[in-house]
Amino acid sequence: MNNFVVRLLTGIVYVALITGSIVCNSYTFLALFSLVTVLCLWEFYGLINRGKQTNIRPASGCFGGLLLFVSSYLYASETFSHFVFFPYLIYVAALLIYELYGKQKDPLSHLAYTILGQCYIALPVSLLNMVAFQQNNEGVTYYPLLILALFVFIWINDSGAYLVGILIGKHRLFPRISPKKSWEGFFGGLFFTAAGSLVFAHFEPAIPVYHWIALSLIIVIFGTWGDLVESLIKRTLDVKDSGNSLPGHGGFLDRFDSLLLAIYGLFFYVQLFIQN
């Protein structure tokens, strides 16, 4: 089976799993992004250990990230009050105290990379809960459409940017970090994503069309930065892919890199302009 077929089949399964888990109900959403948090953190800490010759315990970092995500889910769904975050705060304090007894050669680097994983992966994924659960007259309800839009906009942008870049891409977007990306591809992806946002505006007229277009543009910009940040990490660690878990697509971080910064754009826009 050639690489194109493998890549295509993996992509179909990936899209179907993501879409189905988001749309089905809040529990499949919880299961999906709990798994995403753990797998991305495991891959990230593995890369750091190999590239920087550190001794970070991936299981410990994954536990902390999962704790933050689940706590955020329980808080956003109003299952528990803000006290639900206390275990995670204890976890962070424990990380600091551990370095007193861990006898690491470079405790500051060890601690810094551990915290970086939490900030880079666990924090933004946890913010998805604040978008997925929204207040209405009946209390808090699970509202998956904005989460689904986040992924669809990223997928449209990736496809549009690739096709336009291949056809007419000449001017490099960020040659120091990602020499294959072009400005033509960036604006092509931006155009197709904005056009795709009109479909969401048609099916959800409660959110004005200008908000959908603005969201699509913000997600493309932040998603592009997210892709470049992961490229910076891989270049610094001198690796091509973050892993080989997804045949034809690299690792989990390679699939979710755009998402990690795009979530911030989605979160701030929704909080400031849509939920108010």
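Please refer to the structure higher up on the page.
Cut-offs used in this document
Residues numbered from 1 in each chain as written. Predicted model: local features only at pLDDT ≥ 70, side-chain atom pairs only at ≥ 80, totals over all residues. Heavy atoms only, no water. Disulfide = S-S within 2.5 Å. Buried < 20%, exposed > 50% of the residue type's maximum accessible area, 1.4 Å probe, protein only. Pairing = 2+ DSSP bridges. Helix = DSSP H or I, 4+ residues; strand = E, 2+ residues; numbered from the N terminus. Phe/Tyr/Trp six-rings, centres within 6.5 Å; stacked < 30°, edge-to-face > 60°.

### Topic: the state of the cysteines
Under the counting rule described, the total for this entry stands at zero disulfides. Of all cysteine sulfurs, the one in C62 lies closest to C40, which takes part in no disulfide; the gap is 9.6 Å. Summary of cysteine pairing: C119 is not part of a disulfide, and the nearest cysteine sulfur, belonging to C62, is at 15 Å. On the accessibility criterion, C119 (40% relative accessible area) is partly exposed.

### Considering the pairing of strand β2 (residues 139–142)
Sheet topology note: the strand β1 (residues 133–136)/β2 ladder contains four bridges and is antiparallel. Within β2, the residue paired with Q134 across the bridge is T141. A loop of two residues connects β1 with β2, the two strands running antiparallel in sequence.

### Some words on the packing of aromatic side chains
If you walk through the whole model with that rule in mind, you get 25 aromatic pairs. A centroid spacing of 6.3 Å and a plane angle of 45 degrees characterise the contact between F29 and F69, whose relative ring orientation is tilted. Of this pair, F29 sits in helix α2 (residues 26–52) while F69 sits in helix α3 (residues 58–76), and the two are 40 residues apart along the sequence. By relative accessible area, which is 0% here, F69 ends up buried.

### Remarks on unusual backbone geometry
Residues other than glycine predominantly adopt negative phi, and peptide bonds predominantly adopt the trans conformation. The phi torsion at E78 lies on the positive side, around 60 degrees, for a residue other than glycine. In this fold, E78 is placed in the loop between α3 and α4 (86–101). Look at D238: it is not a glycine, yet its phi comes out positive at around 60 degrees. By secondary structure assignment, the location of D238 is in the loop between α8 (209–237) and α9 (252–274).

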